[in-house]
Amino acid sequence: MQLNCNTERVRFKWLVFLFLTVTVALGQTRDRFRLYGTVTYDDVPVYGAKVYLHELQREVRTDINGFYNFHNVKPGAYHIHVIKPSYITRRMDVRVIDNDEHVDVILERSSLRMQEVLVETNPFRSGSVEQSQTVVVVDRENLERNSSETFVNALERIPGISSINTGVGIAKPVIRGMSFNRIMVNDRGIKQEGQQWGADHGLEIDPFDVDRVEIVKGPASLIYGSDAMGGVINIQPGPIPSSGVHRGHYIGGYRSNNHLQAHSAIVEGSEGKWFYKARFTTQDYGNYRVPANDFVYAGFRLPIYNNMLTNTAGRERHASTTLGMRDTWGFSKITVSRFYQEVGLFPGAIGIPTSYALQHKGEYRNIDLPYQENEHLKVISNTNVRLGAHWLELDMGYQRNHRIEHSHPHAHGQAPRPEGFTAMDLDLHTVTSNARFHHIINGKYKAIYGVQLQYMTHDYEGFEFLIPSYQSLLAGVFSFHEYRWKENLIVNAGIRYDGALHDINRHLQPEFNRFGEPTGTFDERNPYTYRTFGNTSGSLGLSWVVDDVFNVKLNLGSSYRIPTAVELSINGVHHGNFRHELGNADLLGERGYQADLNLSLKKKRFFASVTPFVSLYDRYIYLAPTGTFSTLPGSGTLWEYRQNNAFFTGIESMLNVEVVRGLEAAVGVEYVYNQNLDSRLPLPLTPPMSVLSSLEYQKELDKKWIKSWYASVDVRWAADQNRTDRNERATEGYVLVGASLGAEFMLGKQPIILRLRGHNLTDAFYLNHLSRYRLLNLPEQGRNISVQLKVPFVIKK
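Remember, it's a predicted structure, so these values are computed and weren't measured experimentally.

Peer 1: Before we move on, can you summarise the pattern of salt bridges with the specific residues and values?
Peer 2: Scanning the model with the defined rule gives 38 salt bridges in all. Between Arg176 and Asp596 there is a salt bridge; the shortest N-O distance is 2.7 Å. Taken together, the positions of Arg176 in the loop between strand S12 (170-175) and strand S13 (183-187) and Asp596 in strand S36 (residues 590-603) put the pair 420 residues apart, joining distant regions of the chain. Judged by relative accessible area, Arg176 falls into the buried class, the value being 7%. Of the residues examined, Asp596 reaches a relative accessible area of 4% and is grouped as buried. Residue Glu214 is joined to Arg212 by a salt bridge in which the shortest nitrogen-to-oxygen separation is 2.9 Å. When its relative accessible area of 0% is taken as the criterion, Glu214 is described as buried.

Peer 1: Lay out unusual backbone geometry with the relevant residues and their values.
Peer 2: The omega angle of the peptide bond from Leu369 to Pro370 is -5 degrees, so this bond is cis rather than trans. For Pro370, the location among the structural elements is in the loop between strand S23 (330-344) and strand S24 (371-387). One non-glycine residue, Asn306, lies in the positive phi region at around 55 degrees. Mapped onto the secondary structure, Asn306 falls in the loop between strand S21 (300-303) and strand S22 (314-327). One non-glycine residue, Asp763, adopts positive backbone phi at about 55 degrees. Inspection of the secondary structure puts Asp763 in the loop between strand S43 (750-759) and strand S44 (784-796).

Peer 1: Can you tell me about a positive patch on the surface, naming the residues and giving the values?
Peer 2: A cluster of basic residues, Arg109, Lys604, Arg661 and Lys699, forms a positive patch at the surface. In this fold, Arg661 is placed in the loop between strand S38 (637-660) and strand S39 (663-676). Taking the relative accessible area as the measure of exposure, Arg661 reaches 71% and is therefore exposed.

Peer 1: Residue-level account of the sheet that holds strand S4 (residues 58-61), with values.
Peer 2: In space, the four strands of this open sheet follow the order S4-S3-S6-S7, with antiparallel pairing throughout. Two strands close off the open sheet at either side, each with one partner strand: S4 and strand S7 (90-96). Each strand of the sheet is rotated relative to its neighbour by a mean of 25 degrees, with strand direction disregarded. Both strand S3 (residues 50-53) and strand S6 (residues 76-83) contribute to a ladder of four bridges, which runs antiparallel. Bridging across to S6, Leu53 finds its partner in Ile80.

Peer 1: Can you explain the packing of aromatic side chains? Please cite residues and give values.
Peer 2: To describe a pair of aromatic rings, one takes the distance between the centres and the angle between the planes. By the definition in use, this model includes 15 aromatic pairs. A centroid spacing of 5.6 Å and a plane angle of 45 degrees characterise the contact between Tyr620 and Phe648, whose relative ring orientation is tilted. Here the residue Tyr620 occupies a position in strand S37 (residues 606-629), and Phe648 occupies one in strand S38, the gap between them amounting to 28 residues. What links up through ring pairs into an aromatic cluster is the set Tyr617, Tyr620, Tyr622 and Phe648. Sitting over the face of the ring of Tyr36, Arg34 holds its NZ or CZ atom 4.2 Å from the ring centroid.

Peer 1: An account of the sheet that holds strand S15 (residues 212-217) is requested, with residue identities and associated values reported.
Peer 2: Within a beta sheet, neighbouring strands are joined by backbone hydrogen bonds and run either parallel or antiparallel to one another. Strands sit in the order S10-S15-S16-S13-S14 across an open sheet of five strands; the sheet is mixed. Only two strands of the sheet have a single neighbouring strand rather than two, namely strand S10 (134-139) and strand S14 (190-191). Relative to S14, S13 runs antiparallel, the two being bridged by two bridges. Residue Asn186 lies in a different strand from S14, and its bridge partner there is Lys191.

Peer 1: So what's going on with a nonpolar patch on the surface? Which residues, and what values?
Peer 2: Side chains of Leu599, Val610, Ile651, Tyr671, Met689, Val715, Trp717 and Val735 sit close together on the surface and give an oily, nonpolar patch of about 590 Å² of accessible area. Examined against the element boundaries, Val735 turns out to sit in strand S42 (residues 734-747).

Peer 1: Describe empty space enclosed by the protein, with residues and values.
Peer 2: With the rule as written, the count across this model stands at 14 cavities of 30 Å³ or more. In this model, the largest cavity occupies a volume close to 860 Å³. What lines the largest cavity is a set of 41 residues, and nearest its centre among them are Asn153, Glu156, Leu736, His759 and Tyr766. At the level of secondary structure, the elements contributing two or more residues to the lining of the largest cavity comprise strand S11 (161-166), strand S40 (690-700), strand S41 (706-718), S42, S43 and S44. Classifying every residue of the lining of the largest cavity gives 14 nonpolar, 18 polar and nine charged.

Peer 1: Go over the environment of Glu652, please, and point to the residues and values.
Peer 2: As for its position among the elements, Glu652 is in strand S38. By relative accessible area, Glu652 is classed as buried at 5%. In the structure, Glu652 is positioned 39 residues away from Val691 in sequence and 10.0 Å away in space, judged by C-alpha atoms. With residues near it in sequence (within four places) discarded, Glu652 still touches Pro159, Gly160, Arg176, Lys217, Ser609, Val610, Thr611, Phe613 and Val669. Looking at Glu652, its side chain comes within polar contact range of the side chain of Arg176, at 2.9 Å.

Peer 1: Just give me the short version of the nonpolar core, but keep the residues and values in it.
Peer 2: Core analysis: the biggest nonpolar cluster contains 30 residues, and Phe151, Leu155, Val213, Tyr620 and Phe648 have the highest contact counts within it. Elements with a minimum of two residues in this core: S10, S12, S13, S15, strand S16 (231-236), S37 and S38. Here the element with the most residues in this core is S37; it accounts for five residues. Setting aside anything within four residues of it in sequence, one finds Leu155 in contact with Val138, Leu143, Ile161, Val213, Ile215 and Ile233. Tyr470, Ala500, Val566 and Ile621 belong to the second-largest nonpolar core, a separate cluster that totals 23 residues.

Peer 1: I'd like to hear about the confidence of the model for the protein chain, residue by residue, with values.
Peer 2: When the pLDDT values of the protein chain are averaged, the result is 85; 89% of them are 70 or greater. Predicted confidence in the protein chain is weakest over helix H1 (residues 5-26), with a mean pLDDT of 49, and strongest over strand S19 (residues 274-285), with 96. Taken together, the stretch residues 115-119 has pLDDT below 50 and engages in 33 contacts with residues farther than four places along the chain or on a different chain.

Peer 1: Can you tell me about the environment of Ile490, naming the residues and giving the values?
Peer 2: Turning to its location among the elements, Ile490 is positioned in strand S29 (residues 489-504). Residue classification places Ile490 among the buried positions, given a relative accessible area of 2%. For the pair Ile490 and Tyr445, spaced 45 residues apart in the sequence, the C-alpha separation amounts to 9.9 Å.

Peer 1: Can you explain the pairing of S23? Please cite residues and give values.
Peer 2: Within S23, 13 of the 15 residues are buried, which leaves it mostly tucked inside the rest of the structure. Where S22 meets S23, 14 bridges bridge the pair, whose relative direction is antiparallel. Within S23, the residue paired with Gly314 across the bridge is Val343. Of the pairings in the sheet, the one linking S23 to S24 comprises 15 bridges and is antiparallel in character. Note that in S24 the partner of Arg338 across the bridge is Leu377.

Definitions and cut-offs
Residues numbered from 1 in each chain as written. Predicted model: local features only at pLDDT ≥ 70, side-chain atom pairs only at ≥ 80, totals over all residues. Heavy atoms only, no water. Salt bridge = Lys/Arg side-chain N within 4 Å of Asp/Glu carboxyl O. Helix = DSSP H or I, 4+ residues; strand = E, 2+ residues; numbered from the N terminus. Buried < 20%, exposed > 50% of the residue type's maximum accessible area, 1.4 Å probe, protein only. Patch = residues over 30% accessible without salt bridge, like charges linked within 9 Å, V, L, I, M, F, W, Y side chains within 5 Å. Areas by Shrake-Rupley, 256 points an atom, 1.4 Å probe, with all protein chains shown as cover. Lys, Arg positive; Asp, Glu negative; His and termini not counted. Charge placed at Lys NZ, Arg CZ, Asp CG, Glu CD. Pairing = 2+ DSSP bridges. Axes fitted to C-alpha atoms, helices over the stretch in contact; angles between N-to-C directions. Phe/Tyr/Trp six-rings, centres within 6.5 Å; stacked < 30°, edge-to-face > 60°. Lys NZ or Arg CZ within 6 Å of the ring centre and 35° of its normal. 1 Å grid on protein atoms, 1.4 Å probe; cavity = no way out; pocket = protein on both sides within 12 Å on 5 of 7 lines; lining within 4 Å. Points joined across faces, edges and corners; volume = space filled by probe spheres on them. Nonpolar A, V, L, I, M, F, W, Y, C, P; charged D, E, K, R; others polar. Contact = heavy atoms within 4.5 Å. Polar contact = N/O pair within 3.5 Å; in protein donor to acceptor, adjacent residues only side chain to side chain. Core = buried A, V, L, I, M, F, W, Y, C linked by side-chain atoms within 4.5 Å. pLDDT = per-residue confidence, 0-100.

Here's what the structure looks like:
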């Protein structure tokens, strides 16, 4: 069932050959100029500000006089961003024509740590003011301060972001109540392709290997494709070191609840035109603790021995390497990464839990049956080429997502008992290619034209049948335009066409008599299915800068979503979700109409934003209970994919205030309301209303042994979720208390960063409405104290 090794080698060699061909062919030089200037605040030079030239992936820092200088810059259109703590990030468009270009930058102080940032998710690389959609940027430091077992869980402090969890190591993102195939995760320009349809299939992203995250809330299918109807999580790499700089860091972490031990190290550097980066991460954890001694399932009270959920231990390994070249024509790089995860599944998650199965066997870090293995291999090539005043971006990638679920062998009905422990072996291969041409028409008018191609093949093995083998081809073309109507009014509009082809193989299940002998007849679990789809989508947006403090954004869109091969063909017992899931080969494309309004007010010590949104969906695709039991043995209730008209609305708001110098208070509120317009019932798995309040104090110190420190406390209140679909349980609300403490120390010339974080400090018993274990009435983790040590180092400077 596995791909032929020669095929994988050919794909890998093709990507390496293309990378080297592009770098060599374009590595020619013509006229070169300087781009230089000074960075000041109130006529005073700003020392140590980072000036980043995006198109060439080059970064310099200002000297004691605030001076910066880029050599060997070819004529063309560029943009720079200037970043300095305690100042608002500046972005400027720059044109180098036939002379050295002098550009001075004047910064503005900000007392809030939530400053204006550059939004790379916007195809025009505009600042957050120009962007008409709601975008939130999370940097490396923020992720480290709020570190979690998974990359997705670290984002939950952002209003509108939540997660669907399965224990500790498995989580999927939810944006404004939408998840699975409606949320796109974009890693280094390539859509992450795994088993997005399953709640028990995690997102294979190393939380330590994320330098910057941009989250687009609401429809983004115009730029990213059909699966971005609900939003995009865009993972960006960090800046490339300046030539001659070789550096790295080590991060070690520990969590008290499940005794997690994490280690991650990176080295990166640049010499002349070439640059590199390499990272290795390990995470090992034991069974996790809950504040409960028992739980109730199907009317039976079952024990939780030693307040620990047995067989929830796991281990993760991740390695990645990047090699690239940059010059006056642009840059090109290739990244190879492998993520591996082995994680136990609580015995009650597969089959009916028994008191014996819940007992701990041996050490608390053992992984026993049932458990799953996830492996994700990625080879990604990114190239940015200057074409006169314009730019061409090329992103190509190959991915292999291999998921194996192991459990005790069991027969369905009268079939003989199978051999081995492989229940499901799902193997997905994906090849992706994206091209975008940035057309700089003039200082006011820009356009981008793009084409996207994706080909997927899927195969399976194991004694459980769930989804058949299939091949899918998806393609899209788009055109997007931005025009500065006035100095304070920016409008954008775009149109896109998407098409897809799904070729789904037939699956026949052999039938047996009561003696376990084959009868020679077959049950057709899935017919041969060949479907094609195609339609258009469009958007219109504006950003109106009313004055220096008030900004209005409006985005209107009509999006089109193509049904996935899984939604068309799944037909089997999904033990991980305690049900039989049935696809629908007659599903039609889904049409959505969305409106998103953002009002923001920003002053030196105050920031507030309110974002109401509304969406109407025609033929909304979702998985729902039928109210009947499946005819398949041992399967429980039958759930099927349906289409109904649906309505979504909600609001997000944020408030940040500097109470006194260094002390910042923040409040974030999120609420989602939805309804099936045909049944007049809510849609399943809707996150409850929640409010997150925090108070943080941060102080810079001029000491030899300590440079800075911070302390914070936060409280999350989640309301009861009583708006549930038919046969979906309601969930009580809860209150969680957390706190953080951290500091940067100096041991001679060596900086050391130490962080302490406490989650659920009151050891509260609560159920997460989006957790898969909620179906077993299992609570979430109890008190959890984490410690993190970061040691940055410089090899050569």
